[in-house]
Amino acid sequence: MKKLFLSALIIAAAMTSCANKDAKTTEAAEAETAITENTVAPAAGEIVYVHVEAVLAQSDLFKQEGEPLQEKTKKTQESWAQKERNLQAEMAKLQEKYQKGLITTNDAQMQQEKLQKRAASYQSTSQKEAQKLDEENYVFTNRAQDLIARAIKEINSEKHYKMVVNAASLLEAEPSLDITNDVLKKVNELYASDKAAEKK
């Protein structure tokens, strides 16, 4: 009987790994870099930088699609955790009943098998949900990266900067070389344009 309970706990532990997946959009939401308006635009030929995380976190794309996806991911993970706690509580209760001699070995084994089947079914369902969420987060991330890349390319085609770098890689730089606000505006323009094109 102890072996049966051990195998059920192993299944429960496997379910925990599904619930520990974090949404990648969380990093973007936690970006705290403030976007400031530059009074002097960098000259052509300069090396400029962009706070990419701040652009993503403050973009219309993130506000309209990223935040709801983040909330959906959080609620799903909380649901997984609650189901797991419930199943573990049932397993513990069954073990306690058996140890107190309140149920027969045969009844305990039958109930144990039912719990194992529920655990396997739950694990399968949670894995499918996790794959779907991973795919949604992957698509969102790719869309965000595409918008940012297109925005930078358009800005640079007009401004002709020598190089545009991610501020995350910088140790120190002149604030006047920060084009984050321009990139954010362009990302929002492109996002609005893409949405309008999708409606046609």
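Residues numbered from 1 in each chain as written. Predicted model: local features only at pLDDT ≥ 70, side-chain atom pairs only at ≥ 80, totals over all residues. Heavy atoms only, no water.

1. Section: the confidence of the model for the chain
Part 1 of the argument: Considering every residue of the chain, the mean pLDDT works out to 83; 80% of them sit at 70 or more.
Part 2 of the argument: Of all helices and strands in the chain, the one with the weakest mean pLDDT is helix α1 (residues 2-19) (39), whereas helix α3 (residues 52-58) scores best (95).
Part 3 of the argument: In the predicted structure, residues 1-34 sits below a pLDDT of 50 and forms 59 contacts with residues beyond four places in sequence or in another chain. (pLDDT = per-residue confidence, 0-100. Helix = DSSP H or I, 4+ residues; strand = E, 2+ residues; numbered from the N terminus. Contact = heavy atoms within 4.5 Å.)

2. Concerning the side chain of N188
Part 1 of the argument: By secondary structure assignment, the location of N188 is in helix α6 (residues 180-199).
Part 2 of the argument: By relative accessible area, which is 18% here, N188 ends up buried.
Part 3 of the argument: Discounting residues that sit within four places of it in the chain, N188 has contacts with S59 and D60. (Buried < 20%, exposed > 50% of the residue type's maximum accessible area, 1.4 Å probe, protein only.)

3. Re helix α4 (residues 60-99)
Part 1 of the argument: With 40 residues, α4 should reach 58 Å at 1.5 Å per residue; the first-to-last C-alpha distance of 58 Å fits that figure.
Part 2 of the argument: Of all bends in α4, the biggest is about 40°, found at G66, and the proline P68 comes one to four residues later.
Part 3 of the argument: G101 sits one or two residues past α4 and shows a positive phi near 75°. (Expected span 1.5 Å × (residues − 1). Bend = angle between axes of the 7 residues up to and from the residue.)

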